[in-house]
Amino acid sequence: VQALWKGLTPALVRQVCYTSMSLVIYEPIRGFYGKLLQDKDKSPSYLQRLCAGGTAGALAISVFNPAEVVKTQVQTTVGASVTMREVSARVWA
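Predicted model only: the values in this text are computed from it and were never measured.

Q: Account for the overall build of the chain, naming residues and giving values.
A: On a plain count of helices and strands, the chain comes out with three helices and zero strands. In sequence order, the secondary structure elements of the chain are arranged as α-α-α. The C-alpha radius of gyration of the chain comes to 18 Å, more than 25% above the 12 Å expected for a compact globule of 93 residues. Its C-alpha atoms put the chain at 60 × 30 × 15 Å along the principal axes. A buried classification covers 22% of the 93 residues belonging to the chain. Sequence separation of 24 or more characterises 60% of the internal contacts of the chain that already satisfy a separation of 6 or more. Total accessible area on the chain stands at roughly 6,700 Å², and carbon and sulfur atoms take up 64% of it. Positive and negative side-chain charges in the chain, numbering 10 and 5 respectively, have mean positions lying 5 Å apart.

So, in structure tokens, the structure goes:
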């Protein structure tokens, strides 16, 4: 039963960081697309919101992809348990 919980900590770290960054950078990116399309007075269009959300998600996942690698390696380690610190050292080495 303990094996089901092996990757919980790195999964939570990755998800919290990814979601936080996506939410924080969404509005500035949406404003950038508004200025780019010269739509300052109107509310953002569906296309602007879609592009801003996609860009924010792409930037966040590219920054936190190593955390996804750590999560996967912790979950797939067979035998002796491995700590997140050990896997992180291997990933960023």
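Q: Got a sec to walk through the packing of aromatic side chains? Specific residues and values, please.
A: A complete count under the given rule lists one aromatic pair for this structure. Sitting over the ring of Tyr-18, Arg-14 keeps its end group 5.2 Å from the ring centre.

Q: Describe the pattern of salt bridges, listing the residues and the values that go with them.
A: Side chains carrying opposite charge are able to pair once their charged atoms draw close together. Considering all chains together, one arrives at three salt bridges under this definition. In this structure, Arg-14 engages Glu-68 in a salt bridge whose closest nitrogen and oxygen atoms are separated by 2.3 Å. Taken together, the positions of Arg-14 in helix α1 (residues 8-36) and Glu-68 in helix α2 (residues 46-76) put the pair 54 residues apart, joining distant regions of the chain. Salt-bridge contacts for Lys-71 lead to Glu-68; the nearest nitrogen and oxygen are separated by 3.3 Å. Of this pair, Lys-71 and Glu-68 both sit in helix α2, separated by three residues, roughly a single helical turn. Classification of Lys-71 as buried rests on a relative accessible area of 15%. One network of salt bridges, in which partners are shared, links Arg-14, Glu-68 and Lys-71.

Q: Which residues make up α2, and what values go with them?
A: Three or four residues apart is the spacing at which side chains of an α-helix point the same way, because the helix has 3.6 residues per turn. Its axis deflected by about 50° at Phe-64, α2 carries its strongest bend there, up to four residues before the proline Pro-66. Inspection of α2 places Gln-48, Ala-52, Ala-56, Gly-57, Ala-60, Ala-67, Val-70, Lys-71 and Val-74 among the buried residues, and these make up the whole buried set. The inward-facing, buried residues of α2 contact α1 and α3 (84-91).

Quick notes on the rules
Residues numbered from 1 in each chain as written. Predicted model: local features only at pLDDT ≥ 70, side-chain atom pairs only at ≥ 80, totals over all residues. Heavy atoms only, no water. Helix = DSSP H or I, 4+ residues; strand = E, 2+ residues; numbered from the N terminus. Rg over C-alpha atoms; globule rule 2.2 N^0.38 Å. Buried < 20%, exposed > 50% of the residue type's maximum accessible area, 1.4 Å probe, protein only. Contact = heavy atoms within 4.5 Å. Areas by Shrake-Rupley, 256 points an atom, 1.4 Å probe, with all protein chains shown as cover. Lys, Arg positive; Asp, Glu negative; His and termini not counted. Charge placed at Lys NZ, Arg CZ, Asp CG, Glu CD. Phe/Tyr/Trp six-rings, centres within 6.5 Å; stacked < 30°, edge-to-face > 60°. Lys NZ or Arg CZ within 6 Å of the ring centre and 35° of its normal. Salt bridge = Lys/Arg side-chain N within 4 Å of Asp/Glu carboxyl O. Bend = angle between axes of the 7 residues up to and from the residue.

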